[in-house]
Amino acid sequence: MNRRTLFHGIFAGLAPAPLFADTKATLPLTEFEPKSMLHVQETLVERAKYPVIDFHTHISWGDNMAGKEAVRFPAPASELLAVMDRRNLRMLVDLTGGYGKGLEKTIATLQKPHPDRFIVFTEPWWSKAPEPGYPQFQADQIARAHQAGARGIKVLKTLGLYLRENVRSGKLIKIDDPRFDPMWEAAAAYKMPVAIHTSDPEAFFLPIDRFNERYEELNAHQDWSFHGKDFPSNRELQEARRRVMKRHARTQFVCLHVADSEDLAYTSELLDSLPNMSVEIGARIGELGRQPRTARKFFDKYQDRILFGTDAVPHGEEFPQQVFGDKLYQIYYRFLETEDEYFDYAPSRIPPQGRWRIYGLGLPDPILRKVYNANAARLLGLTLS
Ligand SMILES: [Zn+2]
């Protein structure tokens, strides 16, 4: 008997001294990879039940603040098409198609050679927003982009969170700033839907501390935080977007990332009051899938206004929930088509957006068909053969 057990024996019942205290290990959070011991159904969905239009991809990129028209392509079309054929992906919508000469290059690289597989959107010339004459210039550029073959407009969260009066410095330019009004109207005139990303998860507006449910994600990407400084709140940003959609009732807006995937009651209220609004689900199955009963009712009620999307980026390994590839689509299909329980929302060692798992929605066929392709086809003016 060593001294510790002897001591313990003598004072048993008096002091709750832990007998094995010195054998306890400290495990860093980054090394904690618990494996679920649940024995539940695991369905591998190789191909979507209906042909899919992925309304939210980034298969070309430019620098949308630098004023440079250059674009780059993280993967050749042949690499994308191979995944698309395996996964029953009919079309990819490339939202970040660029503007000016960059847009023309994107269209020549993707859309022209494969008009039935790739669709390209244009982006605003943010770097020119502070200049006089910008409102008309931007409206004219939408006309030029339409002429070149662009089928819609993409607005990154740049608007509201990055773009300032001197592009990178000065006051933040508001989402409902009237200088963009001619652009929103041009979108309506050319029947180009506006895919708009506004704000970010609520946790991005909170301190990066032990109470933050996205602690690991934000700790790894501290520049994603919009806590403090002169940033508006999540709700202020959302409300500014609401005013834009209300003011431009002829323009079709697709609110990316489910508008607000953490508050489906708020998103429902927006959808109820704005007939020109739809939503897309990219990079948010982690949110929808952890509230499966609320999400299922949401899909039932708004089945004509929800679009499939992933926010996929080829070779974007830093963001596992967005890496374009076979695995990503299998997870999305599993989420939408099956009633599987408690599975990973991203192909990743550790859940990248927060430590939880998701539940499938098991959507019925008519809803699946609308979400996979019919809703997007209607907005894009396409007939799928
Ligand atoms: Zn995106």
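Residues numbered from 1 in each chain as written. Predicted model: local features only at pLDDT ≥ 70, side-chain atom pairs only at ≥ 80, totals over all residues. Heavy atoms only, no water.

Draft legend 1. Inspection of the coordination of the zinc ion at higher detail. Surrounding the zinc ion are the protein donor atoms His 56 (NE2), His 58 (NE2) and Asp 311 (OD), which sit 2.1 Å from the metal. Donor residues binding the zinc ion come from one chain and are separated in sequence as H-x1-H-x252-D. Classification of His 56 by relative accessible area gives buried; the value is 1%. Here His 58 falls in the buried class, since its relative accessible area comes to 3%. (Donors = N, O, S within 2.8 Å, 3.2 Å for Na, K, Ca; no water. Buried < 20%, exposed > 50% of the residue type's maximum accessible area, 1.4 Å probe, protein only.)

Draft legend 2. Structural context of the pattern of salt bridges. Within the structure shown, the criterion is met by 30 salt bridges. Notably, a salt bridge pairs Arg 355 with Glu 216, separated by 2.7 Å at the nearest N-O pair. A residue pair is termed long-range when its members are at least 10 positions apart, and Arg 355 in the loop between α12 (326-337) and α13 (365-380) and Glu 216 in helix α7 (residues 215-220) qualify at 139 residues. Among the ionic contacts, a cluster of salt bridges with common partners joins Glu 213, Arg 214, Glu 217, Glu 287 and Arg 290. (Salt bridge = Lys/Arg side-chain N within 4 Å of Asp/Glu carboxyl O. Helix = DSSP H or I, 4+ residues; strand = E, 2+ residues; numbered from the N terminus.)

Draft legend 3. Geometry of the pairing of strand β1 (residues 52-57). Where burial is concerned, most of β1 is hidden: six out of the six residues are buried. Here β1 pairs with strand β4 (residues 89-94) via four bridges, running parallel. Bridged to Val 52 within β4 is Leu 89. (Pairing = 2+ DSSP bridges.)

Draft legend 4. Representation of the packing of helix α2 (residues 77-87) against α12 in the model. For the pair α2 and α12, interaxial distance at closest approach is 10 Å and the crossing angle is 30 degrees. Looking at the two axes, α2 sits roughly parallel to α12. The element α2 and its partner α12 pack so that their crossing is right-handed. Where α2 approaches α12, its residues Val 83, Arg 86 and Arg 87 are matched on the opposing element by Asp 326, Tyr 329, Gln 330 and Tyr 333. (Axes fitted to C-alpha atoms, helices over the stretch in contact; angles between N-to-C directions. Parallel < 35°, antiparallel > 145°, perpendicular 65-115°, else oblique. Left-handed = near helix turned anticlockwise from the far one by under 90°. Contact = heavy atoms within 4.5 Å.)

Draft legend 5. Local environment of the packing of aromatic side chains. One pass over the structure, following the stated rule, counts 21 aromatic pairs. With a centroid separation of 4.5 Å and an interplanar angle of 40 degrees, the aromatic rings of Tyr 99 and Trp 125 are classed as tilted. On the criterion of sequence distance, the pair formed by Tyr 99 in the loop between β4 and α3 (100-111) and Trp 125 in the loop between β5 (118-120) and α4 (134-148) is long-range, its members being 26 residues apart. Taking the centre distance of 5.6 Å and the plane angle of 75 degrees together, the rings of Phe 324 and Tyr 329 count as edge-to-face. The ring centre of Tyr 266 lies 3.6 Å from the NZ or CZ of Arg 235, which sits over that ring. The ring of Phe 343 carries the charged tip of Arg 334 above its face, separated from the ring centre by 4.1 Å. (Phe/Tyr/Trp six-rings, centres within 6.5 Å; stacked < 30°, edge-to-face > 60°. Lys NZ or Arg CZ within 6 Å of the ring centre and 35° of its normal.)

Draft legend 6. Inspection of a nonpolar patch on the surface at higher detail. On the surface, Leu 27, Leu 29, Phe 32 and Tyr 215 cluster together into a nonpolar patch covering about 360 Å² of accessible area. Secondary-structure assignment places Phe 32 in the loop between α1 (3-11) and β1. (Patch = residues over 30% accessible without salt bridge, like charges linked within 9 Å, V, L, I, M, F, W, Y side chains within 5 Å. Areas by Shrake-Rupley, 256 points an atom, 1.4 Å probe, with all protein chains shown as cover.)

Draft legend 7. Here's a closer look at the confidence of the model for the chain. Looking at the chain, pLDDT values average 94 and 94% of them are 70 or higher. In the model of the chain, α1 stands out as the element of lowest mean pLDDT, 46, in contrast to strand β10 (residues 306-307), which has the highest, 99. Here residues 1-12 is a poorly scored stretch, pLDDT under 50, and it has eight contacts once near neighbours within four places are set aside; other chains count. (pLDDT = per-residue confidence, 0-100.)

Draft legend 8. Representation of the pairing of β4. Burial runs high along β4: five of the six residues are buried. The sheet contact formed by β4 and β5 spans three bridges and is parallel. For Val 93, the partnering residue across the bridge sits in β5 and is Ile 119.

Draft legend 9. Region of the structure containing the sheet that holds β4. Overall, parallel pairing links the three strands, which are arranged β1-β4-β5 in an open sheet. Strand pairing shows two members of the sheet lacking a second neighbour, β1 and β5, which therefore form its edges. Neighbouring strand axes in the sheet, compared pairwise and without regard to direction, differ in orientation by 20 degrees on average. Here α13 sits on the sheet and contacts β1, β4 and β5; the angle it forms with β1, its principal contact strand, is near 65 degrees.

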